[in-house]
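Residue-level structural notes
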Amino acid sequence: MNTRALTAEFIGTFALIFIGAGAGALGAGGLVGVALAHGLVVLGFIYAYGHISGAHINPAVTTAVLVAGEINAATAVQYWVAQLLGGTAGAFALAHALGSRHGDFGATMLAENVSVGQGFLIEFVLTFFLANAVLNCAISGKAGNLAGVGIGMTLVFCILMGGPLTGASLNPARTLGPAIASGHMENLWMYFVAPMSGAAAAALLYRGLLKPTD
């Protein structure tokens, strides 16, 4: 067990929920503020912890890296546990910080006019884009020191589009923690299956076609 890597994943995911979901709960800055809060957390932790764990801070990203053949299954399972625990701890810390003023604590939920099928498609596609950025910017090594910028900004533009529709989770840990803290457990399965499937699809494309051969 790589304690350093698991600690990095726990803290990074904690921060993503505490800051990202916190921005959503507070509503400061509107959609752009929420998108930037998430993207900047990812950007910051890629540079802080990327050399330790890869700074996945997202079970879907770990799934993409696993399917791409860049980590083994045992490591992926450990990362998933650390991320889900970190996200849940972040959500409860946020709930304690905000109290009863913000009852949903940034929980990701479908908009009234969005069906489960539509939500599944949105989460699948947007997570595909995020995993695609991780694989082709960071894992391939092609973006060098700018990989964090590419990944962070990808998350920003995904939230700008998907936020009003599904909450733009793209991350089971991002959904699970606030769902438990707030009691909003609706369509929880979709926020696991769609992002994990989208990430796996991006990894299959990377492994089969886009992975650098030099």
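Here the structure is shown first, and the text comes after it.
The residue numbering used here restarts from 1 in each chain and proceeds along that chain's sequence as written. With the structure being a predicted model, the display of local features is reserved for residues of pLDDT at least 70 and the display and counting of side-chain atom pairs for 80 or more, all residues being used for whole-chain, interface and lining totals. Calculation of side-chain values draws on the structure's entire complement of heavy atoms; hydrogens and water are dropped beforehand.

This part is about the packing of aromatic side chains. Pairing of aromatic rings covers Phe, Tyr and the six-membered ring of Trp, with a centre-to-centre limit of 6.5 Å; geometry is then stacked below 30 degrees between planes, edge-to-face above 60, and tilted otherwise. Under the definition given, this model contains four aromatic pairs. Centroid distance Phe 14 to Phe 18: 5.9 Å. Interplanar angle 15°. Geometry classified as stacked. Placement of both Phe 14 and Phe 18 in helix H1 (residues 3-26) is noted, with a separation of four residues, approximately one turn of the helix. Residue burial is assigned from relative accessible area. The probe radius is 1.4 Å, only protein chains are included, and a residue is buried under 20% of its type maximum, exposed over 50%, and partly exposed in between. Overall, the relative accessible area of 26% leaves Phe 14 in the partly exposed class. For the pair Phe 128 and Phe 129, a centre-to-centre distance of 6.2 Å together with 75° between the ring planes defines the contact as edge-to-face. Helix and strand definitions follow DSSP, with helices as H or I runs of at least four residues and strands as E runs of at least two, each counted in order from the N terminus.

With that settled, the discussion passes to the packing of helix H7 (residues 172-182) against helix H8 (residues 188-210). It is the contact of H7 with H8, at a shortest axis distance of 9 Å, that shows an interaxial angle of 165°. Classified by the interaxial angle, the pair formed by H7 and H8 is roughly antiparallel. H8 is crossed by H7, and the crossing has left-handed handedness. Contacts from Pro 172, Thr 175, Leu 176 and Ala 179 in H7 reach Leu 188, Tyr 191, Phe 192, Pro 195 and Met 196 in H8. Note on residue classes: Ala, Val, Leu, Ile, Met, Phe, Trp, Tyr, Cys and Pro are nonpolar, Asp, Glu, Lys and Arg are charged, and everything else, Gly too, is polar. Within the contact of H7 with H8, the residues separate by chemical class into eight nonpolar, one polar and no charged. Each axis is a line fitted through C-alpha atoms, taken for helices only over the stretch in contact, and angles between the N-to-C directions span 0 to 180 degrees. Any angle that is under 35 degrees is reported as roughly parallel, and any over 145 degrees as roughly antiparallel; angles of 65 to 115 degrees are reported as roughly perpendicular and all others as oblique. Here a crossing is called left-handed whenever its near helix is offset anticlockwise from the far helix by less than a right angle, and right-handed whenever the offset is clockwise. Here, residues are in contact when the closest pair of their heavy atoms is within 4.5 Å.

What follows deals with the pattern of salt bridges. Just to be clear on terms, a salt bridge is a Lys or Arg side-chain nitrogen sitting within 4 Å of an Asp or Glu carboxyl oxygen. Under the definition given, this model contains one salt bridge. Glu 70 is paired through a salt bridge with Lys 211; the nearest N and O atoms lie 3.4 Å apart. Placement of Glu 70 in the loop between helix H3 (59-67) and helix H4 (73-98) and of Lys 211 in the segment after H8 is noted, with a sequence separation of 141 residues between them. The partly exposed category is assigned to Glu 70, whose relative accessible area is 36%. Note on Lys 211: relative accessible area 34%, which makes it partly exposed.

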